[in-house]
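Chain by chain, the residues run as shown.
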Amino acid sequence: MYDVLIIGAGPAGLGAAVYAARAGLSMAVIDQSPISGGQVLNTYEVDNYLGLMGESGGGLSDKFREHADKLGTEFITDEIQSVENLDGKKIVHGYERDYEAKTLILATGATHSKLGISGEEAFSGMGVSYCATCDGAFFKNRVAAVVGGGDVAVEDAVFLSKLCKKVYLIHRRDTLRAVKSLQEQLFAKQNVEILWDSEVTEICGTNAVEKIMVYNKKKQQTSALEVNGIFIAVGIVPNTDLFKGLVEMDERGYIKAGEDCVTSCRGIYAAGDIRLKPMRQIITAVADGANAVNAVQRELEKD
Ligand code: NAP
């Protein structure tokens, strides 16, 4: 029986692992992927993580993992099927085997949202992508569209502008949600055209994406735009399906927990992007990992 099992090896899970190891707790990190990092792996460059300006997403993930490895963290690759709270004992049912712990830190992060339009599913991997750093190279010297107005969409458009002949950023409003510094980088790009107040209504093609239909809400007009690829960056959904009924969540599936990461279920803590909070950043995820371990220690001291 572990003192604490950490589910998820993104910044929150790895941050928790470092703090748990230093606190001398018996613990392990379980993730379905052997490659740690979570969403950070999809980031080309991270400019706002203190002390590591300009680090690549992959590089930062490697550093996080190396730190946890050096402190002796046990990493388990398994796909969790369900989680139970039986008389205070936490049982994690994996595909490979079951695991038992006194406490759990849930740090499963979030995944990209979908647009839910015609052609999105059919052309997924054939021009439709949710990760510019993973798939951008396929569109070298070609034309790509990015949908969204948040940090990810703007980062993606800036990244793709270095590879593609032309990039369209398609946003449903007339102002961007992304931070100012990213907006400034975007506006400086000569080969990026922003289509304001616009929504993509359909993705068309034969074997791969050839064009998208774009509706301009102000002009109330739909027009066809020839593109080779479309990168969808319209936000995230928390990976919390496994924990439904175990801990309280809001209507979008974010786990209700304060800065101490304490959930409605005693001995279970939520850290990182799955927690209901105002700011989802790498640095706040790492901080959650530390706070969750602090709460775990206080709980274990009660025994
Ligand atoms: P986000 O901040 O929620 O932005 C989502 C964007 O997609 C918004 O502009 C939104 O439009 C648009 N959108 C949502 N649903 C849509 C739909 N159905 N059709 C068209 N557009 C739609 O999500 P994100 O950019 O993925 O970022 C997720 C989190 O990670 C954020 O907290 C972000 O700050 C953080 N992050 C931070 C960094 C960084 O610090 N460098 C980098 C990446 C991500 P509206 O603006 O109209 O709502």
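Above this text is the structure in question.
Now for a description of the structure that goes with this document. These numbers come from a predicted model, not from an experiment.

Counted by the stated rule, this structure contains 1 disulfide. With a sulfur-sulfur separation of 2.0 Å, Cys 131 is cross-linked through a disulfide to Cys 134. Linking Cys 131 and Cys 134, the disulfide has an S-S dihedral of approximately 70° and is accordingly described as right-handed. Residue classification places Cys 131 among the buried positions, given a relative accessible area of 8%. With no disulfide of its own, Cys 265 lies 15 Å from the sulfur of Cys 261, the closest cysteine sulfur. Look at Cys 265 and you get buried, because its relative accessible area is 9%.

The next subject is the nonpolar core. Proteins that are soluble and globular tend to have nonpolar side chains buried together. Within the largest apolar cluster, 31 residues are counted, with the highest numbers of intra-cluster contacts made by Val 4, Ile 6, Ile 105 and Ile 282. At the level of elements, β1 (2–7), α1 (11–22), β2 (27–31), α2 (57–70) and α6 (282–301) are the ones that each hand at least two residues to this core. In terms of residue count, α6 provides more of this core than any other element does, 8 residues in total. Ignoring sequence-local partners within four residues, the contact set of Ile 6 consists of Gly 13, Ala 16, Ala 17, Met 27, Ala 28, Val 29, Ile 30 and Ile 105. Core analysis: the next-biggest nonpolar cluster, separate from the first, contains 23 residues, Ile 7, Met 249, Ile 268 and Ile 274 among them.

All right, on to the packing of α1 against α2 then. The contact between α1 and α2 brings their axes to 9 Å, and the two run at 25°. It follows that α1 is roughly parallel to α2 by the angle criterion. Where α1 crosses over α2, the two elements pack in a sense that is left-handed. Side by side, α1 and α2 meet where Pro 11, Leu 14, Ala 17 and Val 18 of the first sit next to Phe 64, Arg 65, His 67 and Ala 68 of the second. Looking at the contact of α1 with α2 residue by residue, the class counts come to 6 nonpolar, 1 polar and 1 charged.

Quick look at the site of the ligand now. Surveying the vicinity of the ligand reveals 17 residues, the closest of which are Asn 48, Asp 151, Arg 173, Arg 177 and Gln 281. Here an oxygen atom of the ligand and a backbone polar atom of Gly 150 are 3.3 Å apart. For the ligand, an oxygen atom lies 2.6 Å from a polar atom in the side chain of Arg 173. Out of a free accessible area of 910 Å², the ligand has 76% covered by protein chains.

Read across the sheet, 3 strands follow the order β14-β15-β16 without closing on themselves; strand pairing throughout is antiparallel. Since the sheet does not close on itself, it has two edges, and those belong to β14 (198–205) and β16 (221–226), each with one partner. Across the sheet, the mean angle from the axis of one strand to that of its neighbour is 25°, orientation sign disregarded. Inspection of the sheet shows β14 paired to strand β15 (residues 209–216) by 7 bridges, in the antiparallel sense. Bridging across to β15, Val 200 finds its partner in Val 214.

An order of β10-β17-β11-β12-β13 is seen for the 5 strands of this open sheet, with the pairing classed as parallel. Since the sheet does not close on itself, it has two edges, and those belong to β10 (128–129) and β13 (192–195), each with one partner. Two strands pair when backbone bridges link them, and strand β11 (residues 143–147) and strand β12 (residues 166–170) are joined in this way by 5 bridges, in the parallel orientation. Bridging across to β12, Val 146 finds its partner in Leu 169.

For the rest of this paragraph, the subject is the pattern of salt bridges. Evaluated as defined, the whole model comprises 15 salt bridges. For the salt bridge of Lys 102 with Asp 3, the shortest nitrogen-to-oxygen distance reads 3.3 Å. A residue pair is termed long-range when its members are at least 10 positions apart, and Lys 102 in strand β8 (residues 98–106) and Asp 3 in strand β1 qualify at 99 residues. Owing to a relative accessible area of 36%, Lys 102 belongs among the partly exposed residues under this scheme. Residue class for Asp 3 comes out buried when judged on its relative accessible area of 15%. The closest approach of N and O atoms between Glu 55 and Lys 63, which form a salt bridge, is 2.7 Å. Residue classification places Glu 55 among the buried positions, given a relative accessible area of 17%. Owing to a relative accessible area of 38%, Lys 63 belongs among the partly exposed residues under this scheme. Salt bridges linked by common partners bring Asp 174, Asp 197 and Lys 218 together as one network.

Before going further, it helps to spend a moment on the environment of Gln 297. Take Gln 297: it is sitting in helix α6. With a relative accessible area of 28%, Gln 297 lands in the partly exposed category. Along the primary structure Gln 297 and Tyr 269 are separated by 28 residues, whereas in three dimensions their C-alpha atoms are 12 Å apart. Setting aside residues no more than four positions away along its own chain, Gln 297 makes contact with Ala 23 and Leu 25.

The rules behind the values
Residues numbered from 1 in each chain as written. Predicted model: local features only at pLDDT ≥ 70, side-chain atom pairs only at ≥ 80, totals over all residues. Heavy atoms only, no water. Disulfide = S-S within 2.5 Å. Buried < 20%, exposed > 50% of the residue type's maximum accessible area, 1.4 Å probe, protein only. Core = buried A, V, L, I, M, F, W, Y, C linked by side-chain atoms within 4.5 Å. Helix = DSSP H or I, 4+ residues; strand = E, 2+ residues; numbered from the N terminus. Contact = heavy atoms within 4.5 Å. Axes fitted to C-alpha atoms, helices over the stretch in contact; angles between N-to-C directions. Parallel < 35°, antiparallel > 145°, perpendicular 65-115°, else oblique. Left-handed = near helix turned anticlockwise from the far one by under 90°. Nonpolar A, V, L, I, M, F, W, Y, C, P; charged D, E, K, R; others polar. Near = heavy atom within 4 Å. Polar contact = N/O pair within 3.5 Å; in protein donor to acceptor, adjacent residues only side chain to side chain. Areas by Shrake-Rupley, 256 points an atom, 1.4 Å probe, with all protein chains shown as cover. Pairing = 2+ DSSP bridges. Salt bridge = Lys/Arg side-chain N within 4 Å of Asp/Glu carboxyl O.

Distances and angles like these do not, on their own, reveal function.
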